[in-house]
Protein chains: 2
Amino acid sequence: MKLGRLNHIGIATPSIERSVVHFRDTMGATHISEPFDLPEQGVRVCFVDTPGEGTTAGTQIELIEPLGEGSPLQGFLAKNPLGGQHHLCFEVADIAAAREWFEGQGKHILGPTRIGAHGTPIFFVHPKDMMGQLTEIMESPTGAH
Amino acid sequence: MKLGRLNHIGIATPSIERSVVHFRDTMGATHISEPFDLPEQGVRVCFVDTPGEGTTAGTQIELIEPLGEGSPLQGFLAKNPLGGQHHLCFEVADIAAAREWFEGQGKHILGPTRIGAHGTPIFFVHPKDMMGQLTEIMESPTGAH
C-alpha cells in the first residue's frame, strides 16, 4: 500500500447552502459544484475545489448534509451542530487490492465497496482502527491525475 | 480574498509516535518529517506528505500532540481520545491583508499573528464564525508553490 492523493476532506454541515456562502464569500472559492443527492448514502453533496501547486487541482472539500431520516450524519451533527471535519478520502489505484490490504491489517471496513460521489468505487474504514479518523478509500478516476 | 492552497489539515493525536506508525505502515506514507516542538503553541508537530497531481506536493497532514500543561489540545483530546481532525490551513499571499479581510467580515481571530510550523506568519479564526471549522490562515513560504 502506497499513500495516494488526498482526494478530498469531508466536512459535515447542517446546510450546504450556508457552507457554500461561507466558502464563496468569506474564503474566496471560485469553483463550487452544484449540490447533488446520494440517497443510498443518506447525504447531499457539494464539492469546493481548492488550488494545488502551479495549475494543478488541489484537495477538494466535500460538503455533506444529511439527506432523509436516519442519515449517518445525524449523530455527528447532534454532537457538532455547526458542522465540522468528518472524514478523509485517499485515492488508490486498485480498490479491490486496497480492501484486501486493510482487511489483512485487521481493520474494520464499514459495509460493502460501493460507488462514491466521484463515480468510482469506495469504502470506509472505521475510525476506531484509524487513529480516530473515519477514512474513505477511493479508486482514482480513470485517466485522471 | 481568493481561496489559496489547502496547505495542511491538522490532526490531533494522543501520540505522534503511534500516528506515524499508522500513516507509515497502514497508509503507506513515505515522506514523514521528524517531530519537533512548538512550545509557544503548546504542541509537538510532525508533517506527513501526501502526493499531489503529477509530481507536485499535495496537502500535508500535520500531526499535533499536546506539549506541556495547558496545551490547547487537551480539551479536544478529552472529547476525542483517539484523536481526530482538528483544523484546516489555507495559504494566502499576504497575511496582513488576510487578517484585515477576516476582521472586516467580523470574524473572531484567536490571538496575534505569529510564526507557525512552516516558519511563516499565521493566525487562527474561531470555528464558531467558520461553519464549525477551526481555520488557520498561513502566508505562503517565499518562492514555494
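See the structure shown above.
Quantities reported herein were computed from a predicted structural model and do not represent experimental measurements. (Residues numbered from 1 in each chain as written. Chains lettered and ligands numbered in written order. Predicted model: local features only at pLDDT ≥ 70, side-chain atom pairs only at ≥ 80, totals over all residues. Heavy atoms only, no water.)

Caption draft 1: Up close: the overall build of chain A. Of the regular secondary structure elements, chain A holds three helices and eight strands. Ordered by position from the N terminus, the helices and strands of chain A form the series β-α-β-β-β-α-β-α-β-β-β. Relative to a compact globule of 145 residues, whose C-alpha radius of gyration would be 15 Å, chain A shows 15 Å and is just as compact. Put simply, chain A has 145 residues, and 52% of those count as buried. Sequence separation of 24 or more characterises 54% of the internal contacts of chain A that already satisfy a separation of 6 or more. Across chain A, 10 positive and 17 negative side-chain charges occur, with their mean positions spaced 6 Å apart. (Helix = DSSP H or I, 4+ residues; strand = E, 2+ residues; numbered from the N terminus. Rg over C-alpha atoms; globule rule 2.2 N^0.38 Å. Buried < 20%, exposed > 50% of the residue type's maximum accessible area, 1.4 Å probe, protein only. Contact = heavy atoms within 4.5 Å. Lys, Arg positive; Asp, Glu negative; His and termini not counted. Charge placed at Lys NZ, Arg CZ, Asp CG, Glu CD.)

Caption draft 2: View of the relation of the copies chain A and chain B. Each copy of the sequence occupies a distinct position, and chain A is placed on chain B by a rotation of 180 degrees and an axial shift of 0.0 Å, giving an RMSD of 0.0 Å. Within this description, the copies of the chain are treated as partners about a two-fold rotation axis. Both copies share a contact surface, since 100% of the interface residues of chain A are interface residues in chain B too. (Least-squares fit on C-alpha atoms with pLDDT ≥ 70 in both.)

Caption draft 3: A look at the interface of chain A and chain B. The partner chain B presents 51 residues to the 51 residues of chain A that form the contact. With both chains or domains summed, chain A and chain B bury close to 3,900 Å², and 64% of this area falls on carbon and sulfur atoms. The three residues of chain A that bury the most area against chain B are A:L3, A:M27 and A:M131, which together make up 20% of that side's buried surface. At the boundary of chain A with chain B, the tally comes to zero salt bridges. Going through the elements one at a time, β1 (6-12), α1 (16-26), β5 (84-92), α3 (95-104) and β8 (135-139) of chain A are the ones with two or more residues in the side of chain A that touches chain B. Each residue belonging to the side of chain A that touches chain B can be placed in one class, and the counts come to 21 nonpolar, 21 polar and nine charged. (Buried area = accessible area lost by both parts, 1.4 Å probe. Salt bridge = Lys/Arg side-chain N within 4 Å of Asp/Glu carboxyl O. Nonpolar A, V, L, I, M, F, W, Y, C, P; charged D, E, K, R; others polar.)

Caption draft 4: Inspection of the pairing of β1(A) at higher detail. Residue and element names in this part refer to chain A. Most of β1 is tucked away: seven of the seven residues are buried. Two strands pair when backbone bridges link them, and β1 and strand β4 (residues 60-66) are joined in this way by five bridges, in the parallel orientation. Its bridge partner being in β4, A12 is matched across the sheet by I64. (Pairing = 2+ DSSP bridges.)

Caption draft 5: Up close: the pattern of salt bridges. Residues and elements named next belong to chain B. Tallied over the entire structure, the rule returns 10 salt bridges over all chains. With its nearest N and O atoms 3.2 Å apart, the salt bridge here joins R99 to E103. Of this pair, R99 and E103 both sit in helix α3 (residues 95-104), four residues apart, roughly one helical turn. Residue class for R99 comes out buried when judged on its relative accessible area of 19%.

Caption draft 6: Just the environment of B:C46, in detail. Residue and element names in this part refer to chain B. Secondary-structure assignment places C46 in strand β3 (residues 43-48). A relative accessible area of 0% means that C46 is categorised as buried. In sequence terms C46 and I115 are 69 residues apart; their C-alpha atoms lie 16 Å from each other. Setting aside residues up to four positions removed in sequence, C46 forms contacts with I16, V20, I32, S33, P35, I61, E62 and L63.

Caption draft 7: The arrangement of the environment of A:G42 in detail. Residue and element names in this part refer to chain A. Here G42 shows up in the loop between β2 (36-38) and β3 (43-48). Sequence separation between G42 and L73 is 31 residues, and the spatial gap between their C-alpha atoms is 8.0 Å. If sequence neighbours within four positions are ignored, G42 has contacts with E65, P66, L67, S71 and P72.

Caption draft 8: Up close: the packing of aromatic side chains. Residue and element names in this part refer to chain B. Under the criterion given, the structure shown has four aromatic pairs over all chains. Look at F102 and F123: their rings are 6.1 Å apart centre to centre, the planes differ by 75 degrees, and that puts the pair in the edge-to-face class. Of this pair, F102 sits in helix α3 while F123 sits in strand β7 (residues 121-125), placing them 21 residues apart in sequence. In this structure F102 comes out as buried when scored by relative accessible area, which is 0%. (Phe/Tyr/Trp six-rings, centres within 6.5 Å; stacked < 30°, edge-to-face > 60°.)

Caption draft 9: Summary view of helix α1 (residues 16-26) of chain B. Buried within α1(B) are the following residues: B:I16, B:S19, B:V20, B:H22, B:F23 and B:T26. On its buried side, α1(B) packs onto β5 and α3 of chain A together with β1 (6-12), β3 and β4 (60-66) of chain B. Just beyond α1(B), the residue with positive phi is B:G28, at close to 85 degrees.

Caption draft 10: The arrangement of the sheet that holds β8(A) in detail. Residue and element names in this part refer to chain A. Read from one edge of the open sheet, eight strands run β2-β3-β4-β1-β5-β8-β7-β6, paired in mixed fashion. On the outer flanks of this sheet lie β2 and β6 (109-115), each paired with one strand and no other. Averaged over all adjacent pairs, the angle separating strand axes in this sheet is 25 degrees, with direction ignored. On top of the sheet, α1 reaches β1, β3 and β4; it is set at about 155 degrees to β4, its chief contact. (Axes fitted to C-alpha atoms, helices over the stretch in contact; angles between N-to-C directions.)

Caption draft 11: Here's a closer look at the pairing of β7(B). Residue and element names in this part refer to chain B. The element β7 is largely enclosed, with a buried count of four among its five residues. In the sheet, strand β6 (residues 109-115) pairs with β7 via four bridges, with the strands oriented antiparallel. Of the residues in β7, the one forming a bridge with L110 is F124. Taking the residues between adjacent antiparallel strands as the criterion, β6 and β7 are bridged by five residues, where G119 takes a positive phi near 80 degrees. The pairing of β7 with strand β8 (residues 135-139) spans four bridges and is antiparallel. Looking at β8, one finds that F123 is bridged to I137.

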